[in-house]
Structure formats: C-alpha cells, structure tokens
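Residues per chain, in single letters:
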Amino acid sequence: MEQKRPKQNNRSASRSKRVDDFQALTYQILQYSNQGIPRTLYQKEISRMIMNFSGVEGVELWLKDHGKYFRAELKRLPGKKIFFKIKPRLQNEKGEVFPRLDEETGLLSLSNQMIHGSMDSLQTHHIKNGSKGLLGTNEYKSLLMIPLRVARQNNGLLLLKSVRPNFFKKDVIRLYEDFSRTLGIALAHRRVQVDLRERIKELTCLYGIARLATQSNLSMGEILQGIVEVLPQAWLYTEIARARIIFDGASFSTPGFQEGGYWQKADIVMGGNCRGSVEVVYLEDKPELDEGPFLQEERALLDTVAKEIANIIIGKQAEQDKLTLEEQLRHADRLATIGQLAAGVAHELNEPLGSILGFSQLVKKWTGLPQQVNQDIEKILNASLYAREIVKKLLIFARQMPYRKIKVNLNQLVEEGLHFFESRCAKEGIELVCSLSADLPEIDADPSQLNQIVINLMVNALQAMPRGGRLKVQTFFRNNQISLIIEDTGIGMGEEVLKKIFTPFFTTKEVGKGTGLGLPVVHGIITSHGGSIHVESKVGQGTRFEIQFPMTGPSVNESGSG
Ligand code: ADP
Ligand code: MG
C-alpha cells in the first residue's frame, strides 16, 4: 500500500490530535454505557457516535446479549436516507448464524467466522479495496472489522465500512483497535448495569407487594389496588406503563389503563382454576426489545407477581375463614349460654305456672260464682296457657324437651304444611312453588318437632311477603345429606338482623305478630337432630333457609339431651 509521506512533525501533531479525539469518544461511550440504556437504543446511539466520529458510510455493531447476537446496522450512503436496522441473528443450536440470501453473504459469513472463532477472532480484518464479491452489491470499498472482547470472550463486532478505497490507514487502525478494547468492556458494563437496575426494580416491586400483603388492616380490594400501583415502577418505561388486575370479575387498575397496544398478561391461577389476570400495558409504541416490547425479565416478573397474588389471596381467605369460624363458635357459644339460662328460668316457672293453672281450674269448677269472677278466671287460664307455650318453646330451644325418634317422611310433612297455608297464600297473592325429590330417604326424627321447623319457617316467609311474592320449597338428597330449602321473595334481612335471628325473643315484628321464639326453636330442634341450618338474605330481595340433616342421625336418643 502506497502512502503519501507528510512532514514528520505535522504527522505526529495530527496523530496526537487523533489520540485525543479517540479518548474523547471512548469517554463519551463509557459514560453512556453507565446509564443502563436498553440494548436497541444503546446499539443505535453507539453506532451513531462511531459513524460521526469516523466519517464512514456504514457501521455495524454486533452485540452479544443473553447468549444471542444482535446486529445493528447504520448506513448513510450518498444521496440516500440514513438507514438503521437491528435484528437478532438467526442461529442454529450450535449458535451459528444463518446467512440469508438478501444479505451480504460474503461479509456476513466473515463476521460469522470471526464470532465463532473459525477465523482468528483476535485479529482485526482489513479490506482496502474490496471486490464486489466480498462486500456485496453495495458501494463499499474499505472495511475494518474488529472483534470486541471481554475476558477472552467474544462480546460483539465492530464493522466500519467506507465507500472510499483505502480509507483506513495503518496507524488509525491501531487506534481503532485500542478503542475497541474499551468498547468491548463498555458493552459488558452496560449489560451489568441493565441487569442490576432491572433486578433492583424487580426486588422493589416484590418488596412493595410483600409489604402490602402483610398489612392485616387492608381488605383484599385495597391490597390488589396497591399492587396495581406498585407494578409500573418495575417496568422499563415506567411513565407510560399502566397495570390492571382482574380477580373474580372485579377490576383494579391504575388511572389511564387502556387495552390494546403493547400488552402483557399473566393468569392468576388458584387450585388449578384461572380466577383472573394481571396485565401491564405501554400507552405508546417503544422500540422493540429482544423478544418484543417487554424485557424477558419483565415477562418473568409478571408471572411471579401473578403467583404472588394467588398466594396472598389464599392467605387472606384462610384468615377470613378463621375469623368466620371463630365468629360462628362465639355465636354457638352465646346461644348455648342463653339456652341454659332459658332452660333454668323455664324450669323455675313451670312449677308456679302449674299451680296457677291447676288452682284456676279448681276455682272455675265452683258453681254460683259471680259472672265477672268467671270471666276473670277464664283470662287467668288463657294467659297461663300462653305462658306455658312459651316455656315449652324455651325448653325446645334449650334442647330440654323429651322427644322420640321415628322414621319420618319429610316430603309428607312439607305437603301437609303447604296444604295448611294454601288458602292464605291465594288470598295474599303468594305463588307456591314446590319441588320435592321423589327419592328422599326417611329421616330419624321427632315428627312433631320436624313439623315445627316447617311451620315456623313457612310462617316467617309468608310474614315477610305482605304484598305477595313467591314461596319456594325444595327437598333433595345429596352427599348423604337430606336438604330442605325454604325460600321467599320478601323483605329480606340486613346484617344486623341476621346476626340475632337465633337469639330467643329477638323479633322485628309488632307485639302479637311475633314472639321471637320461632327461629330459636328451629335451631334447637335442628341441633338436637344433628343437622345444620344456613341462611342467606338480601334486604328487599328475599331470604333462603337451607336445612340439612345427616342421613345417619345421632344414635337413637329417646329423651333429648337433658
Ligand atoms: P318472630 O317471627 O316471632 O319474629 P323468629 O325467631 O321466627 O321470630 O324470627 C326472628 C326475626 O327474624 C323476625 O322477627 C324477622 O325479623 C326475621 N326473619 C325470620 N324469617 C324471616 C324471613 N323469611 N324474611 C325476613 N325476615 C325474617
Ligand atoms: Mg317466626
């Protein structure tokens, strides 16, 4: 290669100037690499810096990221627009790049050989005046290809392409080689920076979620809303990231969440069922990253978050179940205490009541009493009979009434009950719907007590529908349980009423219409028969009582528990 020989001192002055320039470029690139810029943007910006610095028409910057090469190409051919493209190289299992027909096959295979070590991967490759074959159909004449390395590993390639032949002089090539050593380190440094930043964001996000989950005063909804607000901070483009969680039909999102565009979603799976999802969207287009708009780490993070949400919900529900159970136990305990008290009072009252009844009956037998006295005695008799009824109910509630178990056909009891109320229902505009299972087994029970259950529940239902409605009665046999469901479309009950319905003397009805003993009696009977009762009610919509008796009741009990 023939070179002009400028004067010695001129030459060394321009050389030291070039050294300074290279140092400035190196510094600029190192600083830029420290910012943890996403790869695509980084490759484009670095290629641009190098192109402006070197005055070439083409720059290729190959960069290895997560074991894969990404080739960025920047071109500014005379008379044409500046062109930039970036593509992952198609690789086979051995990591070899496939040349593609529409590309510069010669150059590509050169690059390929250099990356995979079949060419001396330490050496710069220099073409001074390229033939068409090697540099393809384009106008490039000069090529400088320098491997980028860190810790003896290939980390990328730098290709400088010029349309002028013999563009790169020997001493400049040396400077590019020096520069490339730093560039190799800068590429690795950027990767570490990005990883570190992503990791910190990810951990901050997971920590935020964990902290929300441990705040026992937050409701499930508040926790999910909190998570949604933490999420965007862990994404690369936080400002344009929005998140949404959908769980069991309820939706929680950050302001401005929109469907469509760049969108990422992970399902919330609990016990093998998909119960909802967590989503992150970008509101604007951003340059595509490795495998799409989102980082690989972001995809993994969203999956982790979805699993975390499932865990939090499971934990919360267990906590809630425990509270409900405790509340039920307290309730049962309270009822048992009231039952004992009621039973005590009832026993104490039984004796004086007996005397009042007995002696008034004796007095009534006298002839020739003034009419007024006769009438008064009659009132005393009626009042004490009423009082005896209440005492009886209290004893049933306290499960202190003797009872006798025989085989009872529940369907028959229900039919008799319905028959009893038929004309009243017709008068009050109440539709009767009845669905009784044909293969209902018989129950071991006291028929008169079972009858009390049916009558009490039906009376309550009818009283709840003063302006008409529908009374639905169902029986069925499932899971070894015999069920009776009595459902109305009446006034319903609020939380406060629901809490107290089994407490003796609790009533919302006016004097003469209710004593507040119906449901306590029902509860007492069901409990002594080993069954259970569940209520669902909505104000203004109606009430549903479901009673279940076990198929094999408690061992034959001739006289109740007391
Ligand atoms: P009572 O009927 O004498 O008031 P209960 O023990 O039968 O006593 O019922 C207690 C209370 O429960 C009622 O006063 C009423 O407020 C409520 N209740 C019971 N059944 C129903 C129902 N089907 N619909 C609405 N409220 C009901
Ligand atoms: Mg009642």
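All of the points below concern the structure found in this document.

About the thresholds
Residues numbered from 1 in each chain as written. Chains lettered and ligands numbered in written order. Predicted model: local features only at pLDDT ≥ 70, side-chain atom pairs only at ≥ 80, totals over all residues. Heavy atoms only, no water. Axes fitted to C-alpha atoms, helices over the stretch in contact; angles between N-to-C directions. Helix = DSSP H or I, 4+ residues; strand = E, 2+ residues; numbered from the N terminus. Parallel < 35°, antiparallel > 145°, perpendicular 65-115°, else oblique. Left-handed = near helix turned anticlockwise from the far one by under 90°. Contact = heavy atoms within 4.5 Å. Nonpolar A, V, L, I, M, F, W, Y, C, P; charged D, E, K, R; others polar. Near = heavy atom within 4 Å. Polar contact = N/O pair within 3.5 Å; in protein donor to acceptor, adjacent residues only side chain to side chain. Areas by Shrake-Rupley, 256 points an atom, 1.4 Å probe, with all protein chains shown as cover. 1 Å grid on protein atoms, 1.4 Å probe; cavity = no way out; pocket = protein on both sides within 12 Å on 5 of 7 lines; lining within 4 Å. Sits in = over half its atoms within 2 Å of the grid points. Buried < 20%, exposed > 50% of the residue type's maximum accessible area, 1.4 Å probe, protein only. Pairing = 2+ DSSP bridges. Core = buried A, V, L, I, M, F, W, Y, C linked by side-chain atoms within 4.5 Å.

### Brief notes about the packing of helix α9 (residues 410-428) against helix α10 (residues 447-463)
Angle between the axes and distance between the axes: these two values describe a pair of packed helices. Contact pair α9 / α10: the axes reach a minimum separation of 10 Å and the direction vectors enclose 25°. Our classification of the angle between α9 and α10 gives roughly parallel. Like other packed secondary-structure pairs, α9 and α10 cross with a definite hand, here right-handed. In this structure, α9 contributes L410, L413, V414, G417, L418, F421, R424, C425 and E428 to the contact, and α10 contributes P447, L450, N451, V454, I455, M458, V459, L462 and Q463. By residue class, the composition of the contact of α9 with α10 is 13 nonpolar, three polar and two charged.

### So, the packing of helix α8 (residues 371-397) against helix α12 (residues 518-528)
Contact geometry of α8 with α12 gives a least axis separation of 7 Å together with a crossing angle of 40°. Looking at the two axes, α8 sits oblique to α12. Of the residues in α12, those in contact with K393, I396 and F397 of α8 are P520, V521, G524 and I525. Among the residues making up the contact of α8 with α12, the classes are represented as five nonpolar, one polar and one charged.

### Comments concerning the site of ligand 1
With respect to spatial proximity, 20 residues lie near ligand 1, and among them N460, T507, T508, K509 and L519 are the closest. Within the side chain of N460, one N or O atom sits 2.8 Å away from an oxygen atom of ligand 1. L519 places a main-chain nitrogen or oxygen 2.8 Å from an oxygen atom of ligand 1. If ligand 1 stood free it would expose 530 Å²; the protein chains cover 95% of that surface. Its atoms largely coinciding with the cavity grid, ligand 1 occupies the second largest pocket. At the level of secondary structure, the elements contributing two or more residues to the shell around ligand 1 comprise α10, α12 and β17 (542-550). Among the elements that line the shell around ligand 1, the one with the most residues is α12, at three residues. When its residues are assigned to classes, the shell around ligand 1 shows nine nonpolar, nine polar and two charged.

### Quick look at the environment of C425
Within the fold, C425 resides in helix α9. For C425, a relative accessible area of 2% gives the class buried. Between the C-alpha atoms of C425 and R470, which are 45 residues apart in sequence, the distance is 9.3 Å. With near-sequence residues (within four places) excluded, C425 lies in contact with I430, L432 and L462.

### Looking at the sheet that holds strand β8 (residues 250-253)
Taken together, the four strands give an open sheet; going across it, the order is β8-β7-β10-β9, and neighbouring strands pair in antiparallel fashion. Of all the strands in the sheet, the pair left with one neighbour each is β8 and β9 (262-270). Strand-to-strand twist in this sheet, taken as the mean axis angle between neighbours without regard to direction, amounts to 15°. Across nine bridges, β9 lies against strand β10 (residues 273-282) in antiparallel orientation. By the bridge assignment for β10, K265 is matched with E279.

### Side note on the nonpolar core
Formed by 39 residues in total, the largest nonpolar core has its most connected members in L450, I453 and L471. The set of elements that each furnish at least two residues to this core consists of α8, α9, β13 (443-445), α10, β14 (469-478), β15 (481-488), α12 and β17. In terms of residue count, α10 provides more of this core than any other element does, seven residues in total. L471 has contacts with L418, I430, E431, L432, V433, A461, L462, M465, I486 and E487, leaving out every residue within four places of it along the chain. Counting 37 residues, the second-largest nonpolar core is a separate cluster that includes I227, V228, I245 and L301.

Shape descriptors only; they carry no functional weight alone.
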